[in-house]
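# Architecture at a glance
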Amino acid sequence: QNIHLVAKWLSSLEKRLEQLSQGSHRDFRVFLSAEPAPCPESHIIPQGILQNSIKITSEAPTGIHANLHKALDNFSQDTLEMCSQEKEFRSILFALCYFHAVVAERRKFGPQGWNRPYPFSTGDLTISVNVLYNYLQASSKVPYDDLRYLVGEIMYGGHITDDWDRRLCRTYLEEFIKPEMLEGELCLAPGFPLPGNMDYNGYHQYIDDALPPESPYLYGLHPNAEIGFLTQRSERLLRTVLELQPRDSSTGQGPGSTQEEMVQTLLEEMLEKLPDEFNMAELLARLEERTPYAVVALQECERMNALTAEMRRSLAELELGLK
């Protein structure tokens, strides 16, 4: 398990597997596990092992929709019917599922989601529901404060080491678990009210029908919070595409066209399309009054000049490299 932690030993493992493969039982298998490499330079597992392996990947669901379905999948119709206070139990259970989906998926926003990454798991959710069941069976009133404390400070809060993250977790629970939830006045997210008393399949159908499209609003975040996450995902996608790109230079589109010639053609096209830089001295001379709009326009012109200058410089450098 976790063979990425023993990089120096992997060559010995490869030789050992080669020795064991000769004359071994036909049903002999070796199961290996490793975390995915964050970048191409971290690919430390020998190619011999990878080529002889059946590779299986397990990825966590992405998006609030998939996470909410997965959280609800930990339970069944029997779970919903096991408590005497059925209405209260079902409402709080669904709110806990949404809370779990939100705290698990907030990790994708990086430091804007959590100051530190935390290993929240389905075990935290199932234990919280067990605690909810025990409290409701023992009391005729719903102990909202006790539930929020146990879930926010112990079950999930036990992972949290940052004071601001603990405050965030506590605030979520204050919004999701409160007396208004039984009166039909609670919205878990804008446009997504807490559902009423439904059966198990009904809750899954409600998620499909009523949950708004994926957006930072579902987590209580500003839309700009998604910029960093989307940029990071785009970089990862492009890095993977480049990594999978064929390495030989003979993959041209036409007869006799090499990869270098194709790049040279694209390079010349880009240089032709690049606009001339703005003459800042002339723009400043024509400016009669420095209004906010004029200041913003000048700032954008300066940034555009810097961008086009860098593009010209890097394209010229690439051309020298091709030559």
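Quick look at the structure, then. Since the structure is predicted, the reported quantities are computational estimates derived from the model, not experimental observations. (Residues numbered from 1 in each chain as written. Predicted model: local features only at pLDDT ≥ 70, side-chain atom pairs only at ≥ 80, totals over all residues. Heavy atoms only, no water.)

### A short note on the packing of helix α5 (residues 86-105) against helix α8 (residues 163-176)
Where α5 contacts α8, the axes come no closer than 10 Å and their chain directions differ by 150°. Of the possible angle classes, the one that applies to α5 and α8 is roughly antiparallel. By crossing handedness, the relation of α5 to α8 is classed as right-handed. Each of Ala95, Tyr98, Phe99, Val102 and Val103 in α5 lies in contact with α8, whose residues at this interface are Cys169, Tyr172, Leu173 and Phe176. Looking at side-chain class alone, the contact of α5 with α8 contains nine nonpolar, no polar and no charged residues. (Axes fitted to C-alpha atoms, helices over the stretch in contact; angles between N-to-C directions. Helix = DSSP H or I, 4+ residues; strand = E, 2+ residues; numbered from the N terminus. Parallel < 35°, antiparallel > 145°, perpendicular 65-115°, else oblique. Left-handed = near helix turned anticlockwise from the far one by under 90°. Contact = heavy atoms within 4.5 Å. Nonpolar A, V, L, I, M, F, W, Y, C, P; charged D, E, K, R; others polar.)

### Looking at the nonpolar core
A general feature of soluble globular proteins is that nonpolar side chains tend to end up buried together. Grouped together as the largest cluster of nonpolar side chains are 56 residues, with contacts concentrated most on Phe94, Tyr98, Phe99, Tyr156, Leu188 and Phe192. It is α5 that contributes the most residues to this core, 12 residues altogether. Excluding its chain neighbours within four sequence positions, the residues that come into contact with Leu188 are Phe94, Ala95, Tyr98, Phe176, Pro193 and Leu194. (Core = buried A, V, L, I, M, F, W, Y, C linked by side-chain atoms within 4.5 Å. Buried < 20%, exposed > 50% of the residue type's maximum accessible area, 1.4 Å probe, protein only.)

### Some words on the packing of helix α11 (residues 259-273) against helix α13 (residues 292-322)
Running from amino to carboxyl end, α11 crosses α13 at an angle of 155°, the nearest separation of the two axes being 11 Å. One element, α11, and the other, α13, form an angle in the roughly antiparallel class. Seen from above, α11 lies across α13 with left-handed handedness. Between α11 and α13, the residues in contact are Glu260, Val263, Gln264, Leu267, Met270 and Leu271 and Leu315, Leu318, Glu319 and Leu322, respectively.

### Here's the deal with the state of the cysteines
Across all of its chains, the model carries zero disulfides by this definition. Of all cysteine sulfurs in the structure, the one in Cys83 sits closest to Cys97, which takes part in no disulfide; the separation is 15 Å. (Disulfide = S-S within 2.5 Å.)

### Re the packing of aromatic side chains
Considering all chains together, one arrives at 15 aromatic pairs under this definition. Between Tyr98 and Phe176 the ring centres are 5.5 Å apart and the planes differ by 80°, which places this aromatic pair in the edge-to-face class. Linking Tyr98 in helix α5 with Phe176 in helix α8, this pair joins segments that are 78 residues apart in sequence. Looking at Tyr98, the relative accessible area reads 0%, which means it is buried. Following the ring pairs from residue to residue traces out a cluster consisting of Phe94, Tyr98, Tyr172, Phe176, Phe192, Tyr203 and Tyr206. In this structure, Arg106 packs its charged tip against the face of Trp114, placed 5.8 Å from the ring centre. (Phe/Tyr/Trp six-rings, centres within 6.5 Å; stacked < 30°, edge-to-face > 60°. Lys NZ or Arg CZ within 6 Å of the ring centre and 35° of its normal.)

Treat this as a map of the structure, not an account of what it does.
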